[in-house]
Amino acid sequence: MLLENLFPKRADWDHFINWLATILQTRKKLLTAFVLLGEPGSGKGLLLRFILKSLFGDEQTIQVEDEQLKS
């Protein structure tokens, strides 16, 4: 349900899952990243805290705020 909320289009959801699977299977850095934009409460933080950090660890997952992107 979380992925359905974050990626309303099934093609985007599939792209994210394939991207994530590539990283997990090859253990290599990819030259791309997903930037999640959305309303507060849509689940962006849940995805980061409970799924991505569990898979990759705290040092490999960061949350960048708008102010950081502008500088």
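Residues numbered from 1 in each chain as written. Predicted model: local features only at pLDDT ≥ 70, side-chain atom pairs only at ≥ 80, totals over all residues. Heavy atoms only, no water.

Student: A description of the layout of surface pockets should follow, citing residues and the corresponding values.
Tutor: Roughly 1200 Å³ of internal volume is contained in the largest pocket. Those elements that provide at least two residues to the lining of the largest pocket are helix H2 (10-26), helix H3 (44-56) and helix H4 (66-70). Top element by residues in the lining of the largest pocket is H3. It accounts for seven residues. Counted by class, the lining of the largest pocket contains 17 nonpolar, six polar and seven charged residues. (1 Å grid on protein atoms, 1.4 Å probe; cavity = no way out; pocket = protein on both sides within 12 Å on 5 of 7 lines; lining within 4 Å. Points joined across faces, edges and corners; volume = space filled by probe spheres on them. Helix = DSSP H or I, 4+ residues; strand = E, 2+ residues; numbered from the N terminus. Nonpolar A, V, L, I, M, F, W, Y, C, P; charged D, E, K, R; others polar.)

Student: Which residues make up the packing of aromatic side chains, and what values go with them?
Tutor: Across all of its chains, the model carries five aromatic pairs by this definition. Connected via pairs of aromatic rings, a cluster forms that spans Phe 7, Phe 16, Trp 19 and Phe 34. Here the basic side chain of Arg 10 rests over the ring of Trp 13, its NZ or CZ set 4.3 Å away from the ring centre. (Phe/Tyr/Trp six-rings, centres within 6.5 Å; stacked < 30°, edge-to-face > 60°. Lys NZ or Arg CZ within 6 Å of the ring centre and 35° of its normal.)

Student: Report on the nonpolar core, specifying residues and quantitative values.
Tutor: Leu 3, Leu 6, Phe 7, Trp 13, Phe 16, Trp 19, Leu 20, Ile 23, Leu 47, Leu 48 and Leu 52 together form the largest nonpolar core, which totals 11 residues. The set of elements that each furnish at least two residues to this core consists of helix H1 (2-6), H2 and H3. Here this core takes five residues from H2, the largest share from any one element. Apart from the residues lying within four places of it in its own chain, the contact partners of Leu 48 are Lys 53, Thr 61, Ile 62 and Gln 63. (Core = buried A, V, L, I, M, F, W, Y, C linked by side-chain atoms within 4.5 Å. Buried < 20%, exposed > 50% of the residue type's maximum accessible area, 1.4 Å probe, protein only. Contact = heavy atoms within 4.5 Å.)

Student: Kindly report on the side chain of Ser 42, identifying the contributing residues and their values.
Tutor: Following the sequence through the fold, Ser 42 ends up in the loop between H2 and H3. Residues in contact with Ser 42, not counting those within four places in the same chain, are Leu 2, Asn 5 and Leu 6.

Student: Mind laying out the environment of Ile 17, listing which residues take part and the relevant values?
Tutor: In this fold, Ile 17 is placed in helix H2. Residue classification places Ile 17 among the partly exposed positions, given a relative accessible area of 36%. Sequence separation between Ile 17 and Leu 3 is 14 residues, and the spatial gap between their C-alpha atoms is 9.4 Å.

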